[in-house]
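# Structural overview for review
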Amino acid sequence: AQTVTQSQPEMSVQEAETVTLSCTYDTSESNYYLFWYKQPPSRQMILVIRQEAYKQQNATENRFSVNFQKAAKSFSLKISDSQLGDTAMYFCAFMRTGTASKLTFGTGTRLQVTL
Amino acid sequence: NAGVTQTPKFRVLKTGQSMTLLCAQDMNHEYMYWYRQDPGMGLRLIHYSVGEGTTAKGEVPDGYNVSRLKKQNFLLGLESAAPSQTSVYFCASSARDEGWGNSPLHFGNGTRLTVT
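Residues numbered from 1 in each chain as written. Chains lettered and ligands numbered in written order. Predicted model: local features only at pLDDT ≥ 70, side-chain atom pairs only at ≥ 80, totals over all residues. Heavy atoms only, no water.

Turning our eyes to something else, we now look at the pairing of strand 10 (residues 88-96) of chain A. Residue and element names in this part refer to chain A. The element strand 10 is largely enclosed, with a buried count of eight among its nine residues. Of the pairings in the sheet, the one linking strand 10 to strand 12 (residues 109-114) comprises three bridges and is antiparallel in character. Bridging across to strand 12, Ala88 finds its partner in Leu111. The sheet contact formed by strand 10 and strand 11 (residues 104-105) spans two bridges and is antiparallel. Each residue of the ladder has a partner; that of Ala93, found in strand 11, is Phe105. (Buried < 20%, exposed > 50% of the residue type's maximum accessible area, 1.4 Å probe, protein only. Helix = DSSP H or I, 4+ residues; strand = E, 2+ residues; numbered from the N terminus. Pairing = 2+ DSSP bridges.)

This is the structure:
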């Protein structure tokens with residue numbers, strides 16, 4: 001079974017600064033996908049960014065980028081130019097290919113962006 | 001676009017009562033899922049379905065039943081609610097991805113259930 005670990009329960013960053021959220025995972029699979037989801041106070045689950053394990057290039061989406069280290073089984077999320085609207089819970093998630101898109105989630109990191 | 005709609009949004013039950021949570025999607029997705037979210041534990045998969053008339057157990061299926069009689073609907077039932085089932089429940093759906101993980105999950109806005 002896969003496990004996803006987020007070791008930072010809470011983090012804080014000042015507006016316009018950069019913050020990195022950590023995620024590690026454990027799997028014996030070679031083909032898989034990794035995701036970061038954002039959950040603001042509205043409770044909605046929003047996909048932030050997605051990484052295919054077979055791609056060496058790190059995914060980027062505007063101010064969001066990942067540092068994917070396959071050998072180390074690490075998948076961190078970097079948020080640049082943090083905005084107040086980035087305040088949310090962030091979940092790292094793992095999906096093994098061929099498994100009907102089932103996700104295994106980490107326990108989440110609560111990010112607070114301050115003025 | 002409605003996407004994934006969950007009803008109700010909130011519910012309070014007494015121990016031993018039963019209820020059904022309804023999930024409806026209008027995207028013609030093959031796959032549907034029920035997750036529960038508890039503080040400090042992230043989201044955990046309860047049951048899922050890969051098509052109309054099919055269901056399968058996830059990580060934490062005990063105490064729940066599901067049905068997928070119509071492609072667009074996925075029902076989650078609690079036959080005899082327990083305080084341990086107090087949680088926020090999320091439904092999600094995705095298109096068939098042929099195993100390549102190309103189809104992202106679309107989530108509903110959750111149902112907060114309290115069992116007293």
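Attention shifts here to the state of the cysteines. In the structure shown here, the tally under the stated rule is two disulfides over all chains. Two residues, Cys23 of chain A and Cys92 of chain A, share a disulfide whose sulfurs are 2.0 Å apart. Residues Cys23 of chain A and Cys92 of chain A are joined by a disulfide whose S-S torsion is about -70°; by sign, that bridge is left-handed. With Cys23 of chain A in the loop between strand 3 (19-21) and strand 4 (24-26) and Cys92 of chain A in strand 10, this residue pair connects regions lying 69 residues apart in the sequence. You can call Cys92 of chain A buried: its relative accessible area is 0%. The side chain of Cys23 of chain B participates in a disulfide bridge whose partner is Cys91 of chain B; the two sulfur atoms lie 1.9 Å from each other. (Disulfide = S-S within 2.5 Å.)

Okay, the interface of chain A and chain B next. On the side of chain B, 29 residues touch chain A, which itself brings 19 residues to the contact. Counting the surface lost from both chain A and chain B, the interface buries some 1,900 Å², and carbon and sulfur atoms represent 55% of this. Summed over the shared surface of chain A and chain B, the result is zero salt bridges. Counting across the interface, chain A meets chain B through five residue pairs in polar contact (both at pLDDT 80 or more). Among the elements of the structure, strand 5 (32-39), strand 6 (46-52) and strand 10 of chain A are those that each provide at least two residues to the side of chain A that touches chain B. With three residues, the single largest contributor to the side of chain A that touches chain B is strand 5 of chain A. Residues that form the side of chain A that touches chain B fall into these classes: nine nonpolar, seven polar and three charged. (Contact = heavy atoms within 4.5 Å. Buried area = accessible area lost by both parts, 1.4 Å probe. Salt bridge = Lys/Arg side-chain N within 4 Å of Asp/Glu carboxyl O. Polar contact = N/O pair within 3.5 Å; in protein donor to acceptor, adjacent residues only side chain to side chain. Nonpolar A, V, L, I, M, F, W, Y, C, P; charged D, E, K, R; others polar.)

Below, the discussion takes up the pattern of salt bridges. All names here are of chain B. Taken as a whole and assessed by the stated rule, the structure comprises eight salt bridges over all chains. Among the salt bridges present, the one from Asp38 reaches Arg44, with a minimum N-O distance of 2.8 Å. As far as burial versus exposure is concerned, Asp38 and Arg44 are alike and both buried.

So, on to the packing of aromatic side chains. Under the criterion given, the structure shown has 15 aromatic pairs over all chains. Here Tyr37 of chain A and Phe105 of chain A contribute two aromatic rings whose centre-to-centre distance is 5.9 Å and whose plane-to-plane angle is 55°, an arrangement assigned as tilted. Remark: Phe105 of chain A occurs in strand 11 and Tyr37 of chain A occurs in strand 5; sequence separation between them is 68 residues. Exposure class is identical for Tyr37 of chain A and Phe105 of chain A. Each is buried. A ring pair is formed by Phe68 of chain A and Phe75 of chain A, whose centres lie 6.3 Å apart and whose planes are at 80°; its orientation type is edge-to-face. In this structure Phe68 of chain A comes out as buried when scored by relative accessible area, which is 8%. Classification of Phe75 of chain A as buried rests on a relative accessible area of 0%. Taken together, the aromatic side chains of Phe35, Tyr37, Phe91 and Phe105 of chain A together with Tyr33, Tyr35, Phe90 and Phe107 of chain B make up a single cluster linked through ring pairs. (Phe/Tyr/Trp six-rings, centres within 6.5 Å; stacked < 30°, edge-to-face > 60°.)

Our next topic: the sheet that holds strand 8 (residues 73-78) of chain B. Residues and elements named next belong to chain B. Pairing in this open sheet of four strands is antiparallel, and the strands run 1-3-8-7 from one edge to the other. With partners counted over all chains shown, the strands left at the sheet margins are strand 1 (4-7) and strand 7 (65-67), one partner each. When the angles between neighbouring strand axes are averaged without regard to direction, this sheet yields 20°. Of the pairings in the sheet, the one linking strand 1 to strand 3 (residues 19-25) comprises four bridges and is antiparallel in character. Note that in strand 3 the partner of Thr5 across the bridge is Ala24. (Axes fitted to C-alpha atoms, helices over the stretch in contact; angles between N-to-C directions.)

Purely geometric stuff here, so don't read any function into it on its own.
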